[in-house]
Amino acid sequence: MISPRLIVAATAMSISFTAFGGGTHGGGHGHGANAGEPGKAGDANRTVSIKMYDNYYEPETIAVNPGETVRFVVQNKGQLVHEFNIGTPDVHEAHQKEMMMMVEHGAIQGGKLNHDMMEMDMGDGQSMKHDDPNSVLLEPGESAEIIWTFSKQGNIEFACNVPGHYQAGMYGDVNFN
Amino acid sequence: MKLWKPWVASAIVTIGAIPALASGQDFMADTTQRKQPLKVWGAQFEELEYRYSDNDEEIGVWDADFFYGTDKFKARWLTSGEYSFEERAYEKLENQLVGQIPISTFFDAKAGVRFDTPEGPDRTYAVLGVTGLAPQWFEIDANVYVSKDGDTSADLDAEYELLLTNHWILAASLDATVAFSEDREIGVGKGLVSTETGLRLSYDLIDRAFSPYVGVVHERKHGDTADIARAGAGSTEDWFAVIGARLSF
Amino acid sequence: MKKTLVAGALSLLIPAIGLAAEYNLTVDRVKIDTGEFVKEGVGYNGKSPGPVLRFKEGEEVSINVTNNLDEMTSIHWHGLILPFEQDGVPGISFPGIKPGETFTYKFPITQSGTYWFHSHSGFQEPEGAFGSIIIEPEGREPFRYDREYVVQLTDKHPHSSERVMRNLKVTPDYYNRKQQTVGEFFSDASENGFLSTVKERLAWGGMRMMQADVEDLQGFTGMINGKSPKQNWTGIFEPGERIRLRFINSSAMTYFDIRIPGLEMTVVQADGNNVQPVNVDEFRIGVAETYDVIVRPKDEQAYTIFAESKGRSGYARATLATEEGMEAAVPELREPARLTMADMGGMSGMDHGDMPGMDHGDMAENDEMAGMDHSNMANMDHGSMAMPEAGPSDPFYAEGSGLVPTAANGGKFLSYADLKAQKPLYEQREPAREIELRLTGNMERYTWSINGVKYEDADPIRLKYGERVRFKFVNETMMTHPMHLHGMWSILDVGAGQWNPVKHTVSVQPGTTVYMETEVDASGQWAFHCHLTYHMAAGMFRKVIVEGGPESTQAASSEQSSNAGGDV
């Protein structure tokens, strides 16, 4: 299971928008930390509310136990499109390049998402759908849920990879208890 | 009836003015320097040089320009002369006082008086001229002169600067004088009087304030003027090696 | 009775418990040492640049300014929204501050961000009379950083400003040492052909315009926070930290292209107003503009902050390092830009309607991609997925302009078109009217004007309190003009509607038309001018009178307040 996904992820890294699904491919990058994997609703013992503003999160840090499954309720309280994405800094960095393309192609327009554009077939069965289980991309006023199982200790951040937002400081730290 | 109309008009104006005043017409007026025309002075020696001729004549030459004024009007003192070290005398000494106003994007008109006080007879002229920048970067200065006795003449100066580098500059100049009437007393015949062509290689040593140069100058008298010179055993053509500096303060 | 007493006591208390801060500034003769030359200049609190003034949004500041010069002075709070009597322009806001006098400025701080202050008297500002202002917001910043530094740039010239002005008037190319030479003719001829080079030179000569007319004033030493490249101002950081750099261009005449080799910069603020973050490799800062960027150096090494003048005749340099004394390589200056015929697009006699690149409708479309035809997308090259790379172009430069900047590393160079307000400051609404301002001048006479009229001959521009006006700048000269309206915001039209960025200084490139809108929400009279010192002094200046408004009845109070300040 692990190795085929890894190869797919590595080859698709520069062009794919959907390869960052599970945390299983994280081993090939940087600090060698997995962000974790999608969780089951039944395993979530607690709910963490994340509010997204222009351009920062509230709260900016969360504490989890290794292996804990958390239900995140993410609300976009700002006026711009924001993302909530769980991953390592390296994964975020790679993802930012693709988000840049989404902006260049008009899929993200300030405060709006162009869903037609995101659905568009980019060839090779790819699209800018942005339907990874570790992230949500929300227009102002929208909210969504993510259930995530943090696997183990590591350098994990939640971040908004809309161009410039991460660099400006729209990220939060995941601290392991 | 006739009287009445202006009264009404002024009343209307007054009524109209009151709200305007109330809405902030009594702000302070700008009386600072910013609101005054910018006054500028300049002092330049286009030529300040020592000339050594092909027949061993040594002369000192200057061509300078001092002005003060605004964009709309400048007062200008133009002075030029040639001093012969051998004869200890001014072969040429010319001073002009002119007022100068812009007449087009690149040209100014000037008017004033010119006093010639070299060794020999003096002359006073009225001057009318244009000065400015012609297409292809030729600096042009053209004047007509009318002497007190009614003798008329004109001159044209043109200069072109070639930038060998941003500090080494090769300047070519041509001065030509034409007389429309003879003034034998000062050796001027009718027609083309004289030409002076120069080529000077300068280096901007201190900004554009001090630019030493070397060059060659060719002076030639033409037509009747040349005949008059020959009759007086004067030369009609001279080559000079020059060394000097362009100064700008 | 009791109630009114309480209310009365409260109202008495409010100013006392409300934030109030007092600052003292002295205006002094100072020595400015660039390491290459030492110049007598003007500074604040004995130094140039003056101190960093730290204000807090919501507080009421009083600033005692003592004039220790033997001439009149003034301080203008560049970009601050305040009552016009406090704006510090002699002859427009107040009479000025006499020698030996202390004037107390008093105004509420209603904004946050990076700004600066400078003298508005004579040539004191280019002589060194400037400092910086940091205003902390009431709430949190919409970005995060661990450290911050002001990076205040200037172009210190060995000549006195009076002399520079006179030299420019007498010989407009006095300081231009990047002119086309015989050597350049031959290198152009071998590149583009002899005949076409001759033709080109003749075309420019015919107009009596210089392709090299990019930087009026050369021969300066670029300074950062009062340090020359040699003196190398250094900001310390710990690897991994986010650093907010507050760039302020306090130059008299010089635009700088700024980069930090090895670091990406995220622009988060322009002219004190937050913008949606943009990652860039390089940006151009116009005279009087400010840009705040966030950088995150991850390695334990030195990074050079390299600010190359637009005309490539000089540079400023500073260093970010983990310890004092560390240095990184200082890049070479690039080749100077040359104007093209496109930059002459605005010269009189040309058809403005033809001007490409700045058509307003087009811009909006590009930006929002509203008119994008999805069916065409099928033809897109999916392999590369990058936007097709044409030659350098920027909608805020004439199409085919020779001035369009490119990043030294081939990456992203910030454009005005990238600037979007982080949070709209005003409700979007239609302007009541459009005011056309042609930026005009004559390079050979070094005269600069608006609509062909210099300030000395000009009537004021009259605006009505409460209206929204649209200014149309048409640059008919071959120089870039950073236009600065005092007292009210300049909402630069980048085609982003309500997200248009809010600025205090708007650069208008040669041959272009730029629009900005202003909510006329400040009564009184204000200055409006090109912020290039010698253009302003040569006449590119206007007085703006805002008629009406809540304070119209106190219009005459300017005299009063200046007197009140006079004897402190």
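Residues numbered from 1 in each chain as written. Chains lettered and ligands numbered in written order. Predicted model: local features only at pLDDT ≥ 70, side-chain atom pairs only at ≥ 80, totals over all residues.

1. What about unusual backbone geometry?
Rule in force here: Only runs of H or I of at least four residues qualify as helices and only runs of E of at least two qualify as strands under DSSP, and these elements are numbered from the N terminus.
The linkage connecting aspartate 54 of chain A with the following residue, asparagine 55 of chain A, adopts the cis geometry, with an omega of -10°. Cis geometry marks the peptide bond from glutamate 58 of chain A to proline 59 of chain A; its omega dihedral reads 0°. Mapped onto the elements of the fold, proline 59 of chain A is located in the loop between β3 (56-58) and β4 (61-64). Positive phi, close to 85°, is recorded for alanine 288 of chain C, a residue that is not glycine.

2. Things to note about the domain arrangement of chain C
Residues and elements named next belong to chain C. How we decide: Domain boundaries shown here were taken from an automatic or database domain assignment. Once C-beta atoms have been placed from the backbone, residue pairs whose C-beta atoms lie within 7 Å are recorded as contacts.
Here the domain parsing of chain C yields domain 1 (2-140), domain 2 (144-178 + 214-337) and domain 3 (346-368 + 393-402 + 415-568). The centre of domain 1, based on its C-alpha atoms, is set 24 Å off from the matching centre of domain 2. With 23 residues of domain 1 at the contact, the number on the domain 2 side is 24 residues. Going through the elements one at a time, β7 (113-118) and β8 (130-136) are the ones with two or more residues in the side of domain 1 that touches domain 2. Counting residues per element, the side of domain 1 that touches domain 2 draws most heavily on β7, at five residues.

3. Things to note about the packing of helix α3 (residues 182-192) of chain C against helix α4 (residues 194-207) of chain C
Residues and elements named next belong to chain C. The cut-off we apply is this: Only the stretch in contact is used when fitting a helix axis, every axis being a line fitted to C-alpha atoms; angles between N-to-C directions are given from 0 to 180 degrees. Here the angle decides the label: under 35 degrees means roughly parallel, over 145 means roughly antiparallel, 65 to 115 means roughly perpendicular, and every other value means oblique. By the definition used in this description, the sense in which the near helix is turned from the far one sets the handedness, with an anticlockwise turn below a right angle giving left-handed and a clockwise turn giving right-handed.
At a minimum axis separation of 7 Å, α3 and α4 run at an interaxial angle of 130°. Judged on the interaxial angle alone, α4 and α3 are oblique. The interaxial crossing formed by α3 with α4 has right-handed handedness. Of the residues in α4, those touching α3 at Phe185, Asp188, Ala189 and Asn192 are Phe194, Ser196, Thr197 and Arg201.

4. As for the confidence of the model for chain B
Residues and elements named next belong to chain B. How we decide: For every residue, the pLDDT score states the predictor's confidence, bounded by 0 at the bottom and 100 at the top.
Mean pLDDT for chain B: 91, with 90% of residues reaching 70 or above. Mean pLDDT per element in chain B: helix α1 (residues 4-22) is the minimum at 43, and strand β5 (residues 107-116) is the maximum at 98. Throughout residues 1-24 the model reports pLDDT below 50, and contacts reaching past four residues in sequence, or to other chains, amount to 10 contacts.

5. Quick notes on the interface of chain B and chain C
The condition is simple: Residue polarity is assigned by list, with Asp, Glu, Lys and Arg as charged and Ala, Val, Leu, Ile, Met, Phe, Trp, Tyr, Cys and Pro as nonpolar; anything else, Gly included, falls into the polar class.
Taken together, the contact between chain B and chain C spans 29 residues of the former and 37 residues of the latter. Breaking the side of chain B that touches chain C down by element, the ones donating at least two residues are β1 (40-53) and β8 (152-163) of chain B. Residue classes in the side of chain B that touches chain C are distributed as 12 nonpolar, 11 polar and six charged.

6. Considering the sheet that holds strand β30 (residues 541-547) of chain C
Strand pairs in the sheet, formed through backbone hydrogen bonds, run parallel or antiparallel to each other. Residue and element names in this part refer to chain C. The test is simple: When DSSP finds at least two bridges between two strands, those strands are taken to pair.
Pairing within the open sheet is mixed, and its five strands lie in the order β22-β30-β29-β24-β27. Each having just a single partner strand, β22 (461-464) and β27 (505-508) make up the two edges of the open sheet. For this sheet, the mean angle separating the axes of adjacent strands, direction not counted, is 25°. With six bridges joining them, strand β29 (residues 524-530) and β30 adopt antiparallel strand pairing. From the neighbouring strand, tryptophan 526 faces β30, where its bridge partner is valine 544.

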